[in-house]
Amino acid sequence: YIRKIKRKLNKSIISKIIPKFKLNYNKKGVINFIDVGSVGGLPEPWNSNANKVNFLLNFEPNESLKKGVNFMTYNTAVWEKEEVRPFYIYKGFKGTGSSLFKQNFEYVKQNFDILKERGSKRLANSWFERSKLIKTSTLKCRTIDSILKEEFPSTVFHFMKIDAQGAEYNILKGSENLLRSCTGLHLELFTIPLYEGIALMSTVENYLSKFGFQLVKTFPPHGSFNSQNDCLFLKKEKHPIYSPLIRKIYKID
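For the structure given in this document, a descriptive report is provided here. This structure is a prediction, so every number in the text was calculated from the model and none was measured. (Residues numbered from 1 in each chain as written. Predicted model: local features only at pLDDT ≥ 70, side-chain atom pairs only at ≥ 80, totals over all residues. Heavy atoms only, no water.)

It is worth spelling out the packing of helix 2 (residues 105-115) against helix 3 (residues 121-130) at this point. Two numbers describe how helix 2 lies on helix 3: the axes approach to 12 Å, and their chain directions differ by 140°. Put simply, helix 2 runs oblique to helix 3. The two elements helix 2 and helix 3 cross, and the hand of that crossing is left-handed. Packed against helix 2, whose contacting residues are Phe-105, Val-108, Lys-109 and Phe-112, the element helix 3 presents Ala-124, Asn-125, Trp-127 and Phe-128 at the interface. For the contact of helix 2 with helix 3, the per-class residue count stands at six nonpolar, one polar and one charged. (Axes fitted to C-alpha atoms, helices over the stretch in contact; angles between N-to-C directions. Helix = DSSP H or I, 4+ residues; strand = E, 2+ residues; numbered from the N terminus. Parallel < 35°, antiparallel > 145°, perpendicular 65-115°, else oblique. Left-handed = near helix turned anticlockwise from the far one by under 90°. Contact = heavy atoms within 4.5 Å. Nonpolar A, V, L, I, M, F, W, Y, C, P; charged D, E, K, R; others polar.)

We now examine unusual backbone geometry. The linkage connecting Glu-44 with the following residue, Pro-45, adopts the cis geometry, with an omega of 5°. Mapped onto the elements of the fold, Pro-45 is located in the loop between strand 1 (31-36) and strand 2 (53-59). Positive phi is not limited to glycine here, since Lys-27 has a value of about 55°. Relative to the helices and strands, Lys-27 is located in the loop between helix 1 (2-17) and strand 1.

Across the sheet, which stays open at both edges, the eight strands sit in the order 3-4-2-1-8-9-11-10 with mixed pairing between neighbours. Either end of the sheet is taken by a strand with one partner, and the two such strands are strand 3 (66-67) and strand 10 (213-218). Inspection of the sheet shows strand 1 paired to strand 2 by six bridges, in the parallel sense. By the bridge assignment, Asp-35 is partnered in strand 2 with Asn-58. Contacts from helix 4 (residues 144-151) reach strand 1, strand 2, strand 4 (71-74) and strand 8 (159-162), with the element oriented near 130° to strand 4. Sheet contacts for helix 7 (residues 201-209): strand 9 (184-190), strand 10 and strand 11 (228-235); angle to strand 9, the most-contacted strand, approximately 155°. (Pairing = 2+ DSSP bridges.)

Right under this line is the structure:
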């Protein structure tokens, strides 16, 4: 915990004194960025390249509505359609693992002997305890397309990152207008059904191919039972400005 606190303090100090950690530093930002599930600020590698971000739109239902010159935090849950849905809050660590989907206890029980050999032993052995349901709340959900039409009718967003504990596919289905115009996506996708009813990586990859996206980088597995991977998707038809910049930020040749 002490190391984590030190890292957060260092990150906070660095972000205030080093230009590359500042949004749109000296108005050199190019990318309009959407971040769904944005607790803790911009993820890497974008935090270290924040000066390349012209505008940042966060979606985080547990934070208050905030607006600035170069950012907006929109405190609404996003989904494939506009409706009120249950949100399951699990014990986890400070609620990590909470989701619009139920934890898949039956699947884990039936396959635990195999699953426990995948990834961290500590995470495997503590999964049932961490996955206890603490409470269920309700969230009013909207689609990203409807929000963009209302709040940013003339803005083109070039990149979207989603970390939503299994709801990535559903959020994408409510973002199809955005998918036609944006260049890149950073998604956390599951390879095993750790939550009930979620779409797995292969399904999402097939869906995005219809919009001209291809999977260009799969990061190492992480999470309980190595259940998920961060994935970078880029449009097959390269944009002369945004595609090379995104590749450079992710260090892709």
